[in-house]
Amino acid sequence: MVPMHKAQDPHFVERVRASFARQPAMVLIGASMPVVEAGYTEIHLPHKPDITQQHGYIHGGVVGMIADSAAGYAASTLTAHETGVLTVEYKLNLLAPAEGQLLIAEGSVVRYGRTLIVTRAEVLAVKHGKKTLCALMQQTIMAVHGKKEKAPQDPLEERQTWNIRA
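On a predicted model such as this, the values are computed, not experimentally measured, just so you know.

Engineer: For this particular structure, what's the right way to read the nonpolar core?
Structural biologist: One broad rule of soluble globular proteins: the nonpolar side chains tend to lie buried together. With 28 residues, the main nonpolar core has Ile29, Ile43, Leu45, Ile58, Ile66, Leu103 and Val123 as its most contacted residues. When residues of this core are traced back to their parent elements, those giving at least two are helix H1 (12-21), helix H2 (24-29), strand E1 (32-37), strand E2 (40-46), helix H3 (60-76), strand E4 (102-112), strand E5 (116-127) and strand E6 (130-145). If one sorts the elements of this core by residue count, H3 sits on top with 7 residues. Dropping the residues within four chain positions of it, Ile29 is found in contact with Leu45, Lys48, Ile51, Val62, Met65 and Ile66. If you look at the next biggest cluster of nonpolar residues, it comprises 6 residues, including Ala74, Leu78, Ile117 and Ile141.

In structure tokens form, the structure reads like this:
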């Protein structure tokens, strides 16, 4: 059972969706966040050959990415407008191969504190309409007060700044 939590920011849905849209890593893998509720989010990731490992399953690192983001954004739904969140640590158990047409990461808040927030995520693999639990994660989040998120930078601009050869 997911505990009920109260959001501090009445506009948390818009704020969380805008933050997700600014995350280039989620764009890179093709993830979306169709569900945003107080203390709960879902990230959906369609199967793409570009994110698989040598056996054709979605790579465990990618499974960890969506679990981390789903649980982190679940925490963010409960924070004040000017408070950000950062992952301090997480433990991920990969329980079954991440195979199917879609992965769904369900992030939820277990305990909300002023500085530390404990969350969890379950990642479900959907294959032919059947859901299989493929990963379970527990996470600790740190609330970061008064720090704004950065806008994504143009990768070409970054190369020029660092003098990286293409």
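Engineer: How should the pattern of salt bridges be read in this particular structure?
Structural biologist: Close approach of charged atoms allows side chains of opposite charge to pair. Taken as a whole and assessed by the stated rule, the structure comprises 3 salt bridges. The residue Lys127 makes a salt bridge to Glu99 at a minimum N-O spacing of 3.4 Å. Taken together, the residues Lys127 in strand E5 and Glu99 in the loop between strand E3 (83-94) and E4 connect sequence positions 28 residues apart. Judged by its relative accessible area of 30%, Glu99 is partly exposed.

Engineer: So what exactly am I meant to see when it comes to the pairing of E4 here?
Structural biologist: One face of the sheet, then the other: side chains in a regular strand alternate in exactly this way. One ladder, built from 7 bridges, connects E2 with E4; its direction is antiparallel. Among the inter-strand pairings, Tyr40 is bridged to a residue of E4, identified as Ser108. As judged from the 10 bridges shared by E4 and E5, these two strands associate in the antiparallel manner. Looking at E5, one finds that Gly107 is bridged to Ala121. From the end of E4 to the start of E5, which pair antiparallel, there are 3 residues.

Engineer: Explain the packing of aromatic side chains here, please?
Structural biologist: The geometry of an aromatic ring pair comes down to the distance between the two centres and the angle between the two planes. The final tally for this structure, using the stated rule, is 1 aromatic pair. Ring geometry for Phe20 versus Tyr73: centroids 5.9 Å apart, planes at 65 degrees, classification edge-to-face. With Phe20 in helix H1 and Tyr73 in helix H3, the pair connects residues that are 53 residues apart, well separated along the chain. This pair shows no difference in class: Phe20 is buried, exactly as Tyr73 is.

The rules behind the values
Residues numbered from 1 in each chain as written. Predicted model: local features only at pLDDT ≥ 70, side-chain atom pairs only at ≥ 80, totals over all residues. Heavy atoms only, no water. Core = buried A, V, L, I, M, F, W, Y, C linked by side-chain atoms within 4.5 Å. Buried < 20%, exposed > 50% of the residue type's maximum accessible area, 1.4 Å probe, protein only. Helix = DSSP H or I, 4+ residues; strand = E, 2+ residues; numbered from the N terminus. Contact = heavy atoms within 4.5 Å. Salt bridge = Lys/Arg side-chain N within 4 Å of Asp/Glu carboxyl O. Pairing = 2+ DSSP bridges. Phe/Tyr/Trp six-rings, centres within 6.5 Å; stacked < 30°, edge-to-face > 60°.

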